[in-house]
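What follows is each chain in one-letter form.
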Amino acid sequence: MLYGSINKMLEQGLIEESDERPDAHLDDERRRYYRITPRGRKMAQAEAARMRDLVQLAAARFGVARHA
């Protein structure tokens, strides 16, 4: 499931494979590294705003429980 999600995000241009790697003694040559693209960052920000709006809507409708 994880690799399917990674492939989907790659296809959609939300992430890209990174050439940056940690020091060789900390790395496994089989490991792949990814970074978020500008498009991916915009999509993540939009999703965070959508979720914030949903939380505000739910709080207005049902009230907010306060934690100590």
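Rules of the game
- Residues numbered from 1 in each chain as written.
- Predicted model: local features only at pLDDT ≥ 70, side-chain atom pairs only at ≥ 80, totals over all residues.
- Heavy atoms only, no water.
- Helix = DSSP H or I, 4+ residues; strand = E, 2+ residues; numbered from the N terminus.
- Rg over C-alpha atoms; globule rule 2.2 N^0.38 Å.
- Buried < 20%, exposed > 50% of the residue type's maximum accessible area, 1.4 Å probe, protein only.
- Contact = heavy atoms within 4.5 Å.
- Lys, Arg positive; Asp, Glu negative; His and termini not counted.
- Charge placed at Lys NZ, Arg CZ, Asp CG, Glu CD.
- Salt bridge = Lys/Arg side-chain N within 4 Å of Asp/Glu carboxyl O.
- Polar contact = N/O pair within 3.5 Å; in protein donor to acceptor, adjacent residues only side chain to side chain.

**Points about the overall build of the chain**
If you tally the helices and strands in the chain, you get two helices and two strands. Secondary structure of the chain in N-to-C order comes out as α-β-β-α. Scaling as 2.2 N^0.38, a compact globule of 68 residues should have a C-alpha radius of gyration of about 11 Å, whereas the chain reaches 18 Å, well beyond that. Taken along the three principal axes of its C-alpha coordinates, the chain extends 50 × 30 × 25 Å. Relative to its full complement of 68 residues, the chain shows a buried share of 12%. The long-range fraction of contacts in the chain, counting pairs at least 24 apart against all pairs at least 6 apart in sequence, stands at 21%. The average position of the 13 basic charges and that of the 11 acidic charges among the side chains of the chain differ by 12 Å.

**Looking at the pattern of salt bridges**
Under the counting rule described, the total for this entry stands at four salt bridges. Here Glu-16 makes a salt bridge to Arg-35, at a shortest N to O gap of 2.8 Å. With Glu-16 in strand 1 (residues 15–17) and Arg-35 in strand 2 (residues 34–36), the pair connects residues that are 19 residues apart, well separated along the chain.

**Side note on the environment of Lys-42**
Here Lys-42 is to be found in helix 2 (residues 38–62). Separated by 28 residues in sequence, Lys-42 and Leu-14 have C-alpha atoms that sit 9.0 Å apart.

**Regarding the side chain of Thr-37**
Examined against the element boundaries, Thr-37 turns out to sit in the loop between strand 2 and helix 2. Overall, the relative accessible area of 8% leaves Thr-37 in the buried class. Side-chain polar atoms of Thr-37 contact the backbone oxygen of Gly-13, separated by 2.6 Å. For Thr-37, the contacting residues outside a window of four places in its chain are Gly-13, Leu-14, Ile-15 and Glu-16.

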